[in-house]
Amino acid sequence: MFNQLHFYGGVHPAEGKVAHASPIATPPILESYTVPCAQHIGAPAQPVVQKGDKVLKGQLLAKPNGFVSAPVHSPTSGEVVELTTCLGPMGNQIPAIIIKSDGEDKVAEPMPLLDPANSAPDELKQRVGDAGIVGMGGASFPTLVKLSPPPNKPIDTLILNGVECEPCLTADHRLMLENPDAILAGARACATILGVKKVMLGIEANKPDAVALMTERAAKFDIEVHQLKVRYPQGAEKQLIYALTGRVVPSGGLPMDVKCVVQNVGTAAAIGEAVTLGKPLYERVTTVTGTPVVNPGNWRFRVGTFYREAIRLSGGVKDDVRKIISGGPMMGLSVCSLDIPVMKNTSGILLLSESEIVQYEPHPCIRCGRCNDNCPMGMMPGILSEQIENMRYDLAEEWHVMDCIECGCCSFGCPAHRPLVQHMKRAKAVVVAKRKAAAAKKPKA
Amino acid sequence: MNTDLENNEIKMPDVSRLIISGAPHYHSPDEIRGIMFMVILALLPACLAGIWHFGIRALWIMLLTVASAVSWEVLANKVMKQRLSVGDGTAILTGLLLAMNLPPTVPEWVCVLGAFIAIVLGKMVYGGMGYNPFNPALVGRVALLLGLPSIMTRFVPPMHSMWDWCSAANTVTQATPLVLTHATPHTRAEIVVDYMDLFIGHCSGCIGETCFIALLVGGIFLICLNLIRWQVPVCYIGTVFIITAIAHRVSPSDYATPLSHVLSGGLALGAFFMATDMVTTPLSRAGSVVFAVGCGIITSVIRLWGSYPEGVSFSILIMNALTPLIDKATAGHPFGTVRTAAQEVGK
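1. Re the packing of aromatic side chains
The tally for this structure, following the rule as stated, stands at seven aromatic pairs over all chains. With centroids separated by 6.1 Å and ring planes inclined at 75°, the aromatic side chains of Tyr255(B) and Trp305(B) adopt a geometry described as edge-to-face. Taken together, the residues Tyr255(B) in the loop between helix H12 (231–250) and helix H13 (258–263) and Trp305(B) in helix H15 (residues 285–305) connect sequence positions 50 residues apart. Aromatic rings pair up to connect Tyr8(A), Tyr242(A) and Phe335(B) into one cluster.

2. Section: the sheet that holds strand E4 (residues 54–55) of chain A
Residue and element names in this part refer to chain A. Pairing is antiparallel in the open sheet, where four strands are placed in the order E2-E8-E7-E4. Taken across any chain shown, the strands that pair with only one partner, and hence form the sheet edges, are strand E2 (32–36) and E4. Across five bridges, E2 lies against strand E8 (residues 93–101) in antiparallel orientation. Bridge assignment links serine 32 to a residue of E8, and that residue is lysine 100.

3. Some words on the domain arrangement of chain A
All names here are of chain A. Per the domain assignment, the segments making up chain A are domain 1 (111–276) and domain 2 (370–440). Each of domain 1 and domain 2 was reduced to a C-alpha centroid, and the two centroids are 29 Å apart. In this complex, domain 1 contributes seven residues to the contact, which on the side of domain 2 involves six residues. Summed over both partners, the interface of domain 1 with domain 2 buries about 520 Å², with 55% contributed by carbon and sulfur atoms. Across the contact surface, domain 1 and domain 2 share zero salt bridges. Here domain 1 is connected to domain 2 by three residue pairs in polar contact (both at pLDDT 80 or more). Of the residues in the side of domain 1 that touches domain 2, the class split is three nonpolar, three polar and one charged.

4. Quick notes on a nonpolar patch on the surface
Residues and elements named next belong to chain B. Taken together, Tyr195, Phe241, Ile242, Ile246, Val250 and Leu259 make up a surface patch of nonpolar side chains, about 560 Å² in accessible area. Here the nonpolar patch takes four residues from H12, the largest share from any one element. Relative to the elements of secondary structure, isoleucine 242 occurs in helix H12.

Cut-off values and rules
- Residues numbered from 1 in each chain as written.
- Chains lettered and ligands numbered in written order.
- Predicted model: local features only at pLDDT ≥ 70, side-chain atom pairs only at ≥ 80, totals over all residues.
- Heavy atoms only, no water.
- Phe/Tyr/Trp six-rings, centres within 6.5 Å; stacked < 30°, edge-to-face > 60°.
- Helix = DSSP H or I, 4+ residues; strand = E, 2+ residues; numbered from the N terminus.
- Pairing = 2+ DSSP bridges.
- Domains from an automatic or database assignment.
- Contact = heavy atoms within 4.5 Å.
- Buried area = accessible area lost by both parts, 1.4 Å probe.
- Salt bridge = Lys/Arg side-chain N within 4 Å of Asp/Glu carboxyl O.
- Polar contact = N/O pair within 3.5 Å; in protein donor to acceptor, adjacent residues only side chain to side chain.
- Nonpolar A, V, L, I, M, F, W, Y, C, P; charged D, E, K, R; others polar.
- Patch = residues over 30% accessible without salt bridge, like charges linked within 9 Å, V, L, I, M, F, W, Y side chains within 5 Å.
- Areas by Shrake-Rupley, 256 points an atom, 1.4 Å probe, with all protein chains shown as cover.

Here's what the structure looks like:
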């Protein structure tokens, strides 16, 4: 089973994974951490601490506010100095709790240890929720929700996503090499929760060492490891499911509609540690890279570490930095400040220099069809973008704009430098707003 | 804490220099100018073959047509109060393609007029590059062919020796191989078709269309660069081959052999460089195949039963007109969906 599985479309940007050989480093304890309460999709967590409270490492700082939400835990021991807001990567203010470290890093009583294979599924599921685990690949969807499919959606396959198709990022790669057992423990816990037998791990073929190690370690747990073709966006949920199982997630549907649940390997490792070590999620592996960075590398940052500290720990910069990106170069968000904290979903901090940030002026479409060929969703971005330019959101909706996964392959390859994916993001927002308005109108009528 | 010391040593990014923009932050190096340059490069072998076969005057016509195409575009930009668009290279390409579609005997004013029709009426009046429904070079050629038929069909035999090449332009006219086989069915048996001559372009015709091998080399170059789809020339030439083969099989005395049809006339130029024009042909691979087969059928019908000996230009222009419909009919449906009713009726 070592033929390279793949999906249709996609692009192959320069990989730039310069930090792939740097072992995960542990930063020193910082003076303070700014821990956001909204590190996940859904309602922000509700603080349970007051200004002046003493907290321990791993202690609950904020509790989930509703089902689609997740708790937040303290990254170190110390004192709550302020309940305030901080800048998020989207450029918005989000509620945050500032912890001043006491330098002792005293650990709170861990949660009772569980066995990933033999504990009760409900107990394991409870633990995933209590440990504040969210999707660490980037979407930061609360994992508890993903592991709670409705009863009418049976699940038969758990897929672990070790693809890391974003250029430059190496965090998942290093994690697979350095902590495979936590990933496997997490995978087994998820399998127990979902009651599935079949567990598959997909890794892009540019990480042969990770494929070899995971194959060796996974063999005794009956977890299949598959090598996948190096093609962006191989790690997109729908594309990964198709490559591994041949199943097609229906338009507008979720992986559970084809009996699959996908978990990032980082998430799996966090689940593994939560279950076997009783440790909540307050730190993650993040790649700090880019040509201007003096020492690109992978770090186990605690949540609430400012990008400023992350860059300083990496030796600072040797070049003029024109862009700082939270995430990878294809889907990451460019940020405007260094005072943005690392969150549960910060897979990378990428710095780009002057020579890498060519700014383009869009030309008219020359209908070369590259966006069609590149689109992993089989859409027609060129036609959609013209419809959207003409504000024909109704037409765009009919031409399936809502299926766009925003991977950016269309914009990447467009020789006319048209902002294709940017158009689609706008159209999706307009269509969502329209649908919401229609839904709000219905009950009154 | 020695952070102050570290601050002095470590250079940090300057926040005021940061740019905020939407993803993706990487872009492939491709750009329109580069694509046009590659297509022009791919046309060079055929240009050189044209100069070799028809003399230095062929070069003069090509230069003049390209220069007038660029000038007309600049003028149109000025009149339309647009930014200059000649930098994208499309005017040069259109001018060159038009020149390759002219017989080597055309007077200079025809080159200038043809460039005007191609650039201004074929492209700029629609808004410029990307908005023209028809291939501009073919618009120019067909307008000249219909308006000035005697000038546009005055073909000369190719050069036979270096002596010819150095001497003044040839004044003896000669019908193209297609004209011979088209107009005089009863004499077909007497016409000896030398496939090798057709293959290397040693026959009368337009400047850039006669040399099959040079066009083939350029076409393969473009296919290797993934700038054109191999399906287009294969389906176009294949369709012509099949239809003419059937006709020839049914009545060898009335219809020329399929190989002579494939090798002669503007088929190779059309199949590799005109039916693959990005702006005026379908977006999807499936649509391209439909387009190419349609071109092949129309070309064959015109050549076999039409009143013109050659049908490549007409067929491509007719299929250009159908491109929006082909696009709608062949619109793919996204991963995980079924085609919607709106797409079915081509809304």
